[in-house]
Amino acid sequence: MDSMTFVLFGATGDLAKRKIYPALFNLYLNQKLPKSFSVIGVGREQLSDVELRSRVTDSLYTFSRHLINDKSKKEEFIKKFQYCQLDVTNTEGYKKLLEHVQQNEKDHNIAENRMFYLSVAPEFFEVIALNIKKSGLGSTDGWKRLIIEKPFGHDLKSAQELNEKLSKSFEEEEIYRIDHYLGKPMVQNLEALTFANPVLQSLWNNRFIANVQITASEIVGVEERAGYYDKAGAIRDMVQNHMLQLVMMTSMHLPKQISESGIRNEKRKVMKSLRTLNRDTVGVHVVRGQYGPGEINEKFVPSYREEPGVEASSQTDTFIAARLWIDNSFWDGVPFYIRTGKRMMEKETKIVIEFKNPLKDSYTSEMEKVKPNLLTININPNEGVSLQLNSKNPTNGEMEPIKVDFAASKQDVPEAYELLLFDALYGDSTFFAHWDEVELSWRWVEPILEAFKENRVPLHSYSAGSMGPDAAHQLLEEDGFKWW
Ligand SMILES: NC(=O)C1=CN([C@@H]2O[C@H](COP(=O)(O)OP(=O)(O)OC[C@H]3O[C@@H](n4cnc5c(N)ncnc54)[C@H](OP(=O)(O)O)[C@@H]3O)[C@@H](O)[C@H]2O)C=CC1
Ligand SMILES: O=C1O[C@H](COP(=O)(O)O)[C@@H](O)[C@H](O)[C@H]1O
């Protein structure tokens, strides 16, 4: 891997502490970082290198998935960190950052490969990208790349504007938009599951699949993020990005050659085939909800409207369920159901594929009890795959569902940020959100945003600790299905 400088804007922030430092450290321990590299942390706060290193150390002790037994390794690692104080809105200040980076490249014999990670609020994306260009930080003899966090825009127009501005400083191939769901090992495994298993490959279409269900339920409420969340809601926070990415990853047809561009193309095709909703159909296919008070793990929790920072009359959605149709020859007639929400009964991200049972009607009465074959891909908090089959119990002769299970051992599973950072450093953008996908996702979501704004879709209340409003269950019952 090429030697490089990792310039981290937002080095004093929460994401750096909880995700980025531990991910870099785990990569370091696994010898997945270049031999020569430096991390230059940028923030407004006045800090010395030693103070930054001490914060990084704290973060590793608190958040790294590896126990730090080998202190010398940790010491070696934190020596790679330096700090540069900079207000990112101050154009002049970037000269100092450039000098810092250049001096360091010289001192440590690092090639001019520069990774810029914007772990800052999105309103700074534009100004930072522009100043990277203006200051000369972006004019390198090697490569330059930009990693940005979500949210990528607030709606289609703002996303397009942002993209246009970023594209003045970085080419599309240089922009790595993180969607951390694409970094989850089981999401990355989806392609391998179908590619490496001819059995699944041949069943992956509307001849054999009755419906697909994607759930991302959370126990947590809005926490301390009301300022952001109350303007976003579940539709922007989870559906526009993570849920649609999961739909793309599940339904894309495998390209002849597994490559970055091949996969990107197939994902784009899915988004283009996704049936567009309109004024009349949003209410038919989309359910929105907001949590009321309830009980979770035997503890009372308040309603969304009682959360700190939330308006007492807020109409923000904390739950969405939707039925999607992919109008292409593979998926014609197969509903894709998605649901996501806060303050639900359990934390669970999973994809369930329910298979058709064409022989159901020819069964004898005893056989009618058979359950559908289900392929479940567990993404979070447990990672694994299970297949539900029907088999006769040899003791009583009754038909019953059995499960063929694989569960990954927790300890060995890398974090999403680890996989994503490695790919970005390696220059592989397969598991990042490409502009086409982001734009097409906003396009699909736009009529829903409008309908919500005009209050054309009822806002159902659901009890905290439940699996969402009744309307979300009715959505499937209308088609003769239920959520698994
Ligand atoms: N935290 C998380 O779990 C997640 C965060 N994200 C996204 O990641 C990004 C960062 O989030 P998070 O770390 O939580 O945010 P924080 O508010 O914790 O950190 C923000 C960082 O930005 C820096 N900063 C703010 N203003 C300036 C400025 N004018 N000049 C220089 N630096 C500045 C702060 O530095 P200083 O303190 O020195 O002012 C701080 O390091 C956001 O886009 C967020 O949406 C996405 C997914 C999850
Ligand atoms: O991006 C986000 O994701 C988290 C859920 O992520 P997970 O990895 O725990 O499933 C969600 O809580 C947050 O609101 C959202 O911004």
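Calculation criteria
Residues numbered from 1 in each chain as written. Chains lettered and ligands numbered in written order. Predicted model: local features only at pLDDT ≥ 70, side-chain atom pairs only at ≥ 80, totals over all residues. Heavy atoms only, no water. UniProt positions renumbered as here; feature names shortened; annotations may be inferred. Near = heavy atom within 4 Å. Polar contact = N/O pair within 3.5 Å; in protein donor to acceptor, adjacent residues only side chain to side chain. Areas by Shrake-Rupley, 256 points an atom, 1.4 Å probe, with all protein chains shown as cover. Helix = DSSP H or I, 4+ residues; strand = E, 2+ residues; numbered from the N terminus. Nonpolar A, V, L, I, M, F, W, Y, C, P; charged D, E, K, R; others polar. Pairing = 2+ DSSP bridges. Axes fitted to C-alpha atoms, helices over the stretch in contact; angles between N-to-C directions. Contact = heavy atoms within 4.5 Å. Phe/Tyr/Trp six-rings, centres within 6.5 Å; stacked < 30°, edge-to-face > 60°. Buried < 20%, exposed > 50% of the residue type's maximum accessible area, 1.4 Å probe, protein only.

As annotated in an unreviewed UniProt entry, the chain carries the name Glucose-6-phosphate 1-dehydrogenase and comes from Priestia flexa. Listed in UniProt under the heading Function (unreviewed entry), the comment for the chain reads: "Catalyzes the oxidation of glucose 6-phosphate to 6-phosphogluconolactone." UniProt annotates the chain under Pathway (unreviewed entry) with the comment "Carbohydrate degradation; pentose phosphate pathway; D-ribulose 5-phosphate from D-glucose 6-phosphate (oxidative stage): step 1/3."

Visitor: Is there a simple way to think about the site of ligand 2 in this case?
Guide: The environment of ligand 2 is formed by K150, H180, Y181, K184, E218, R225, D237, M238, H242, K342, K347 and N380. At 2.6 Å from an oxygen atom of ligand 2 is found a side-chain nitrogen or oxygen belonging to E218. Here an oxygen atom of ligand 2 sits 2.8 Å away from a polar atom, N or O, in the side chain of K342. Burial of ligand 2 by the surrounding chains reaches 82%, relative to a free accessible area of 400 Å². The dominant element in the shell around ligand 2, judged by the number of residues it contributes, is helix α9 (residues 226-251), at three residues. For the shell around ligand 2, the per-class residue count stands at two nonpolar, three polar and seven charged.

Visitor: Explain the sheet that holds strand β6 (residues 175-177) here, please?
Guide: Taken together, the six strands give an open sheet; going across it, the order is β3-β2-β1-β4-β5-β6, and neighbouring strands pair in parallel fashion. Every other strand in the sheet has two partners, leaving β3 (81-85) and β6 as the edge strands with one partner each. Pairs of neighbouring strands in the sheet enclose a mean axial angle of 20 degrees, with direction left out of account. In the sheet, strand β4 (residues 114-118) pairs with strand β5 (residues 144-148) via five bridges, with the strands oriented parallel. Bridged to M115 within β5 is R145.

Visitor: What exactly am I supposed to notice about the site of ligand 1 here?
Guide: Taken together, 21 residues surround ligand 1, and among them T12, D14, L15, R18 and V120 come closest. Within the backbone of L15, an N or O atom sits 2.8 Å from an oxygen atom of ligand 1. The dominant element in the shell around ligand 1, judged by the number of residues it contributes, is helix α1 (residues 14-29), at three residues. A per-class count over the shell around ligand 1 returns nine nonpolar, five polar and seven charged.

Visitor: What am I meant to see in the UniProt feature "binding site: substrate" (unreviewed entry) in the chain here?
Guide: Mapped onto this numbering, the UniProt entry annotates "binding site: substrate" (unreviewed entry) at H180, K184, E218, D237, K342 and K347. In this structure, H180 sits in the loop between β6 and α7 (185-195). Residues in contact with H180, not counting those within four places in the same chain, are H242, A416, Y417 and L420. Among the secondary structure elements, D237 is positioned in helix α9. Not counting chain neighbours up to four residues away, the residues in contact with D237 comprise K150, R225, Y228, Y229, A232, H242 and K342.

Visitor: I keep staring at the packing of aromatic side chains and nothing clicks. Help me out?
Guide: Aromatic ring pairs: the centre-centre distance and the angle between the two ring planes describe each pair. Taken as a whole and assessed by the stated rule, the structure comprises 17 aromatic pairs. Their ring planes at 70 degrees and their centres at 6.4 Å tell us that Y291 and Y462 sit as a pair that is edge-to-face. In this pair, Y291 sits in strand β8 (residues 286-296) while Y462 sits in strand β16 (residues 459-464), placing the two residues 171 residues apart along the sequence. Its relative accessible area of 2% is what places Y291 among the buried residues. Aromatic pair Y337 and F481: ring centres 6.4 Å apart, planes at 65 degrees, arrangement edge-to-face.

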